[in-house]
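# Topology and contacts: notes
Here's the letter readout for the chains.
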Amino acid sequence: MEVIITKNYEEMSRVSAELIAREIKRKHDLVLGLATGDTPVGTYKGLVRLHKEEGLDFSKLTVFNLDEYVGLAPLHENSYNRFMWENLFSHVNITPENVYVPQGNTDDPEEFCRWYEAQIRDAGGIDLQILGIGGDGHIAFNEPGSSFASRTRIKALDKQTIEDNSRFFKKIEDVPRFAITMGIGTILEARSIILIANGKKKANVCVQFIEGPVTSQVTASALQLHTHVTIVLDDEASSQLKRKEYYNWVRDNKHIVAKKIGR
Ligand code: F6R
């Protein structure tokens, strides 16, 4: 896992947007997995800027979102579908037919989850998956204890996640108790992964998943099993890491490292 430590939220957002843009330029029909939440808002702003100012082309992309609350219709004010249109899709030249967000109000969630997995497979698999991390160490809505082999399914949300996400709702009772989420097995099949995190409140889970043991109690630690993960943190989120000096050395000497490994 490559760990990139940035000064602040703005730099984390700029660096992650540039990494995503590089992949879009390399492969115009990239299959991109996307996350919602506070963390990627700046990254999406950065992508919108690159589209408007530099013509970054989204027209051939296929996107799959990680998750959606069960029970919320696509246009509900708190739906992740709406979040994505408001923060990214409406501002770039994405092709609407190529946008996949789990449908929270489906009549048959099990069948829907099977269909979603099949769509990912039919698109050729996810090339690049963007992730945030929850206060309990979750990626997507894979709460502590989730199987590392899990696929897209319904997951009951943890108490901490419900509390954390209640800030988006009028009252905590309005936060849905369940979500449709890609599984850890689904995420680990992405060819490459970028996880972004910022703020003091993420420092503890960041040190656990990056430098701690692989455990289903911190599901982000499953990323240690993947060969192509980049983690972009701001200074606060990186504050408890013990090997910061090493990560910074690798970053500053990347040209030498690239030569050694033949990239
Ligand atoms: C959302 C998702 C979640 C969030 C995580 C962090 O699609 O997959 O795992 O990334 O809960 O949320 P924020 O960014 O709001 O702290």
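Above this text you will find the structure in question.
All of the points below concern the structure found in this document. Here the structure is a predicted model, which is why all the values come from computation and not from measurement.

Scanning the protein for helices and strands turns up nine helices and ten strands. For a compact globule of 263 residues, the expected C-alpha radius of gyration is about 18 Å, and the protein comes in at 18 Å, within 12% of that figure. Here the C-alpha coordinates of the protein stretch approximately 55 × 40 × 35 Å along the principal axes. For the protein, the residues scored as buried account for 56% of the 263 residues in total.

So, about the packing of aromatic side chains. Summed over all chains, the structure comprises eleven aromatic pairs. Centre to centre, the rings of tyrosine 80 and phenylalanine 141 are 6.0 Å apart; their planes meet at 20°, and the pair counts as stacked. Within this pair, whereas tyrosine 80 is found in helix α3 (residues 80-87), its partner phenylalanine 141 is found in the loop between β6 (128-131) and β7 (153-156), the two being separated by 61 residues in sequence. In terms of burial, tyrosine 80 and phenylalanine 141 fall into one category: buried. Plain terms: the ring middles of tyrosine 246 and tyrosine 247 are 6.1 Å apart, the flat faces sit at 75° to each other, and that makes the pair edge-to-face. Put simply, the rings of Phe64, Tyr100, Phe112, Trp115 and Tyr116 touch in pairs and so form one group of aromatic residues. Here the guanidinium or amino end of arginine 243 rests over the ring plane of tyrosine 246, the centre of that ring lying 4.5 Å away.

Further remarks concern the site of the ligand. The immediate surroundings of the ligand are formed by 14 residues, with Thr39, Asp67, His138, Ala140 and Lys202 found nearest. Contact between the ligand and aspartate 67: an oxygen atom at 2.6 Å from a side-chain N or O atom of the residue. One nitrogen or oxygen atom from the side chain of lysine 202 is found 2.7 Å from an oxygen atom belonging to the ligand. For the ligand, whose unbound accessible area comes to 410 Å², protein coverage reaches 94%. Per-class residue counts for the shell around the ligand are four nonpolar, six polar and four charged.

Moving on, we come to the sheet that holds strand β9 (residues 192-197). Ordered in space as β1-β10-β9-β6-β2-β3-β5, the seven strands form an open sheet in which the pairing is parallel. Both outer strands of the open sheet, β1 (2-5) and β5 (99-100), are each paired with one neighbouring strand and no more. Looking at chain direction, β9 and strand β10 (residues 229-233) are connected through five bridges and run parallel. Its bridge partner being in β10, isoleucine 193 is matched across the sheet by valine 229.

Rules used throughout
- Residues numbered from 1 in each chain as written.
- Predicted model: local features only at pLDDT ≥ 70, side-chain atom pairs only at ≥ 80, totals over all residues.
- Heavy atoms only, no water.
- Helix = DSSP H or I, 4+ residues; strand = E, 2+ residues; numbered from the N terminus.
- Rg over C-alpha atoms; globule rule 2.2 N^0.38 Å.
- Buried < 20%, exposed > 50% of the residue type's maximum accessible area, 1.4 Å probe, protein only.
- Phe/Tyr/Trp six-rings, centres within 6.5 Å; stacked < 30°, edge-to-face > 60°.
- Lys NZ or Arg CZ within 6 Å of the ring centre and 35° of its normal.
- Near = heavy atom within 4 Å.
- Polar contact = N/O pair within 3.5 Å; in protein donor to acceptor, adjacent residues only side chain to side chain.
- Areas by Shrake-Rupley, 256 points an atom, 1.4 Å probe, with all protein chains shown as cover.
- Nonpolar A, V, L, I, M, F, W, Y, C, P; charged D, E, K, R; others polar.
- Pairing = 2+ DSSP bridges.

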